[in-house]
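# Structure at a glance
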Amino acid sequence: MRIAVVPDFEGGGRLQEISSDGGSVGPVREVADLVGTVADYERASGPAPRWVWAATDEVYPPLVERASRVGRCHDIGLVETLLLGYHGRFGEARSLGAAWARLRGLEVPPDPPTRSGTGAEPPLALFSVDRSTLPSGTDQLDALVQVHADQQRRIGRLPEPEKFALLAAVESAGALAAVEMAHDGVPWRAEVHDEVLTAQLGPRPVRGVRPRVLAELARAVGEAFGREVNPDSPAQLLKAFAAIGHPVASTRSWEIGRIDHPVVPLLLRYKELARLYSANGWTWLDAWVRQGRFRPDYVAGGVVSGRWATRGGGALQIPKIVRRAVCADPGWTLVTADAGQLEPRILAAVSGDRALAAAAGSEDLYARLGAVFGARTVGDEAGRQRAKIGMLSAMYGQTGGDAAPLLRTMRQAFPRALDYVDAAARQGEQGRLVRSWLGRTCPPPSPAWRRAVAGDGGEDDAATRRSVRDRGRFTRNFVVQATAAEWALVFLAGVRRRLAAAARNDGEAQLVFFQHDELVLHAPVSMAGECVELLKEAEAETRSLLFGKTEVRFPLDIAVVECYADA
DNA sequence: TCATTAAGCCAC
DNA sequence: AAACGTGGCTTAATGA
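As annotated in an unreviewed UniProt entry, chain A carries the name DNA-directed DNA polymerase and is attributed to Nocardiopsis ansamitocini. Turning to chain A, the UniProt record has this under Catalytic activity (unreviewed entry): "DNA(n) + a 2'-deoxyribonucleoside 5'-triphosphate = DNA(n+1) + diphosphate".

Below, the structure written as structure tokens:
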């Protein structure tokens, strides 16, 4: 059963039961207490409803705020984005109002501007404002029901409707999880974070002053150069290096690291610490951690490949050293699950390459590949490294450095896998679209790209060739990265469903962090074993839902730890 | 003065 | 070893 719901933003709303194809509809219900009504439906026996609403990030937060969680939903905006993308219409407006306008042949309203993040500040109003793009006077519930029915029809007409329906379901489930994780937050010990910072940088300075260690390093860098230099200024560094007889093309760490001069270690250390200070220092701590929780503002489906993005807080780039501050509450534990070597395993599964699939049946795929790259023994680390670079080159389109001979070896040993990514690259270079396993579609090239490639001769040939190759690398990587992202979404949805079933009462065993191919659960110590089992079950389910019977394995690196840094 | 761009580095 | 995909975020530099 599906239930379309439109909140009135005063605590109530209107609902209507609909069939899954959207065809038959029940009577409209008007309720004053939406939270209670949703909870009643979720508690009722029988199959759980799938809530159909315009946008999860608008409708769901007030429910979660009042401890009313749902199992499943259909997010009209996210599904519209996927459907538009499938037909090469990436970037067109995706709101309910836009979809309704297209359905009715009316002028399509632009999407409302995205709200900005609030940092650690809690949202002001319990019920957010109505950001509907429907023309005033339109029956919002009626529009919702019609657009939903239309989306289901459009999915049904696709070549592989079941796959796309799965994609729509997990994209929506991800949106639910994103709201819940933003609410629950990552357990974060500010005092541990402060200890890490103090150990690295010296005590917290007053506003506007460099921490002691950074100030000392900056002074030492200046002395080594024989002139005053702001180490934060690439332009000044370039001049300073030229002045000491070591001209460099850039001030990137790896390039500077090759220079033999006493300033180099000082500068590299400065860069490392300056990064920590500015990106995840005390300012970040003040802005993003409150009452022992870091609450990232996730943007489900925010990346073209289907990965998530974040708005402020940089939750997807938390440096390793800072993870020391992520600690379970007393009596609780963290259960982390990392899908190791996910992308090459995905390539093995989607390409159907027998040899690669066989290697992907083992725990360490790269080690198994080592033999192909001249490793004499199983533990030959150099052979394993060559295998890894060869594999990554195939998936990322690297051609420089040592990649070329390794790629030739890859092509010989794993022809079908290489054909798969090569074909995607060719499609891209021809300006065509490529899709993930479930049907997420890459954006088309820009009009400027098409003009340049169509080429009336006057264009810069080298630049055009480069943008063609860039596009090829993008589509080459897209087919793998986007499928890996949907593996992660299916997994996430499975874990989330199992956690809800395992909950003994509200608030137990939460999903608190999701980072591309890695999940972190925060659970009472007594539930750790249960969580480990549930993660393994979800992996098995994910594998079979996506790829049916396959030799490929997706081994999870699971750790039960007090601190994330120990995972 | 404020908005935008470039460079650089963090994560996967 | 160092021109290889997706991003976010910060500072310096540039421009209106």
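More follows now that the structure is in view.
Let's shift gears to the protein's contact with DNA strand C. In the vicinity of DNA strand C there are 26 residues, among which S233, G312, Q317, Y396 and R473 approach most closely. Within 4 Å of the protein, the contacting atoms of DNA strand C are 71% sugar and phosphate, with bases supplying the remainder. At a separation of 2.5 Å, a phosphate oxygen of DNA strand C approaches a polar backbone atom of G312. Among the elements of the structure, α11 (263-280), β10 (309-310) and α20 (461-502) are those that each provide at least two residues to the surface near DNA strand C. Sorting elements by how many residues they give to the surface near DNA strand C places α20 first, with 4 residues. Split by residue class, the surface near DNA strand C holds 6 nonpolar, 14 polar and 6 charged.

The next point concerns the nonpolar core. One finds W188, W308, W487 and L535 to be the most contacted residues of the largest nonpolar core, which totals 117 residues. No other element matches the 15 residues that α20 contributes to this core. If we skip the residues at most four places from it in the chain, L535 touches V335, A337, F491, V495, L519, L521, L556 and I558. I3, L34, C73 and L176 belong to the second-largest nonpolar core, a separate cluster that totals 18 residues.

Once that is clear, we can look at the pairing of strand β5 (residues 72-75). Alignment of strand β4 (residues 50-53) against β5, held across 4 bridges, turns out to be parallel. Paired with W53 across the two strands is D75, which belongs to β5. Crossover β4 to β5 through helix α2 (residues 56-65) is right-handed.

If you trace the 3 strands from one edge of the open sheet to the other, you get β6-β8-β7, paired in antiparallel fashion. With partners counted over all chains shown, the strands left at the sheet margins are β6 (186-187) and β7 (289-290), one partner each. Sheet analysis places β6 next to strand β8 (residues 293-294), joined by 2 bridges and oriented antiparallel. Looking across to β8, one finds that V186 is bridged to F294.

Glancing now at helix α13 (residues 342-351). For α13, the buried fraction is high: 10 of the 10 residues fall into the buried class. Where α13 is concerned, the buried positions are L342, E343, P344, R345, I346, L347, A348, A349, V350 and S351.

Chain-level pLDDT for chain A is 91 on average; 96% of the residues reach the 70-or-more range. Mean pLDDT across the elements of chain A ranges from a minimum in helix α19 (residues 447-454), with 87, to a maximum in β5, with 98.

Scoring rules and cut-offs
Residues numbered from 1 in each chain as written. Chains lettered and ligands numbered in written order. Predicted model: local features only at pLDDT ≥ 70, side-chain atom pairs only at ≥ 80, totals over all residues. Heavy atoms only, no water. UniProt positions renumbered as here; feature names shortened; annotations may be inferred. Near = heavy atom within 4 Å. Polar contact = N/O pair within 3.5 Å; in protein donor to acceptor, adjacent residues only side chain to side chain. Helix = DSSP H or I, 4+ residues; strand = E, 2+ residues; numbered from the N terminus. Nonpolar A, V, L, I, M, F, W, Y, C, P; charged D, E, K, R; others polar. Core = buried A, V, L, I, M, F, W, Y, C linked by side-chain atoms within 4.5 Å. Buried < 20%, exposed > 50% of the residue type's maximum accessible area, 1.4 Å probe, protein only. Contact = heavy atoms within 4.5 Å. Pairing = 2+ DSSP bridges. Right-handed = clockwise from strand over helix to strand, strands pointing away. pLDDT = per-residue confidence, 0-100.

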